[in-house]
Amino acid sequence: MPRTVRDVVFVDGVRTPFGKAGPKGIYHETRADDLVVKAIRELLRRNPDLDPAKIDEVAIAATTQIGDQGLTIGRTAGILAGLPQSVPGYSIDRMCAGAMTAVTTTAGSIAFGAYDIVVAGGVEHMGRHPMGEGVDPNPRFVSEKLVDESALFMGMTAENLHDRFPHITKRRADEYAVRSQEKAAKAYANGKIQQDLVPVSVRRTSPEGGETGWGLATEDEPMRPGTTLESLAGLKTPFRPHGRVTAGNAAGLNDGATASLIASEEFAREAGLPVRMRLVSYAYVGVEPEVMGFGPIPSTEKALAKAGLSIGDIGLFEINEAFAVQVLAFLDHYGIADDDPRVNQYGGAIAYGHPLASSGVRLMTQLARQFEEQPQVRYGITTMCVGFGMGATVVWENPHFDGGNK
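Basis of the calculations
- Residues numbered from 1 in each chain as written.
- Predicted model: local features only at pLDDT ≥ 70, side-chain atom pairs only at ≥ 80, totals over all residues.
- Heavy atoms only, no water.
- Disulfide = S-S within 2.5 Å.
- Buried < 20%, exposed > 50% of the residue type's maximum accessible area, 1.4 Å probe, protein only.
- Helix = DSSP H or I, 4+ residues; strand = E, 2+ residues; numbered from the N terminus.
- Contact = heavy atoms within 4.5 Å.
- Patch = residues over 30% accessible without salt bridge, like charges linked within 9 Å, V, L, I, M, F, W, Y side chains within 5 Å.
- Areas by Shrake-Rupley, 256 points an atom, 1.4 Å probe, with all protein chains shown as cover.
- Salt bridge = Lys/Arg side-chain N within 4 Å of Asp/Glu carboxyl O.

As annotated in an unreviewed UniProt entry, the chain carries the name Acetyl-CoA acetyltransferase and is attributed to Streptomyces camponoticapitis.

Have a look at this one:
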């Protein structure tokens, strides 16, 4: 019996505010799974017409799947969030593209007809679980020269990308970083971000370790409004003496969680749920691990080819800013100006932070907001580089598209 492929849509997306990893960060005393639970509960609160029993799957990504990010976190977070025990769940790891993979993997199942609606998202508590904690890379990677040793250190891969594209200077990366901070501050000032944030109750501790009471995390902690070129120029280059990658032109080490509702368009409309984006195509590719930041270039080429589109058809770009050099390499490849207004209109991870496995849904949530505001735009993409040499791209269609008539 032949099957028809169903249209898949992005119904809604939320996230916690992102925090700085470490003892001084807002989530130092908060469990990773509790961050996911907050995001799932907020999705249910915002969509009261959705019967939780109809959710077919909970797919949650985490890069470091141990401790409070282990134990098949999609299943455990679903139970903790109050979903019926009949709703299954599982965990995913594709490093930085974890939440993006949660969305596309479940979307494939929706298109096939196995699911009608799912929760897909990700979490990373880099304060509790630094990237690489507990891993044991096979010595053959280096001894047999399967990858360059620098591939194991993301900051070094960014320096390698600067080497490959020497015209992408440190100053140019710093200029991009300043713009990201400025755009993020403007987005906050205009109320573009807060509407998709779920406040999180956090326990405060003093530097001496004593508890000082409870507070409410309501905004992203890593942001540095007012950042200037001068303030970035003097920062250390931790990955290489006289290098080009600094804490100012890269995303930091962060904690946070995201969650989204992904559904068949038919189910969403029958259930009275919003249709905020329509999935067109997606692609993942591998590249040399030592220049993993190059990944979004071929993944975007592949996703566009599958959609029958060209880069000129894309009216909005949400590019994860793991490092400024990675975004700039992408823009150069496609002949897009550093300050093109289509790119990261609300700012990006350099300002907000990049809690690895959660970031893909942040990109989607921001793109969905921009689609609502700009019905003259038909297509947008969310794309990111991925640890150990991969790229990930999803092409989305704006369901509010009005044919280009403003």
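From this point, the narrative continues.
With that settled, the discussion passes to the state of the cysteines. In the structure shown here, the tally under the stated rule is zero disulfides. Residue Cys-385 stays outside any disulfide, its sulfur separated by 5.9 Å from that of Cys-96, the closest cysteine.

Time to look at helix α10 (residues 324–333). Within an α-helix, residues lying three or four positions from one another point in the same direction, as the helix has 3.6 residues per turn. Taking burial as the measure, the 10 residues of α10 include eight buried ones, the bulk of the element. Those residues of α10 not exposed but buried are Ala-324, Val-325, Gln-326, Val-327, Leu-328, Ala-329, Phe-330 and Leu-331. Those residues of α10 hidden inside the fold are in contact with α5 (154–164), α6 (170–189), α9 (296–307), β10 (314–319), α11 (349–352) and β11 (379–386).

Turning our eyes to something else, we now look at the side chain of Thr-64. By the element assignment, Thr-64 lies in the loop between β3 (57–61) and α2 (73–80). What makes Thr-64 buried here is its relative accessible area of 5%. Those residues in contact with Thr-64, other than ones at most four positions away along the chain, are Gln-69, Glu-124, His-129, Pro-130, Met-131, Gly-132 and Glu-133.

Here the focus is a nonpolar patch on the surface. On the surface, Val-142, Leu-152 and Phe-153 cluster together into a nonpolar patch covering about 230 Å² of accessible area. By the secondary structure assignment, Phe-153 is in the loop between α4 (140–143) and α5.

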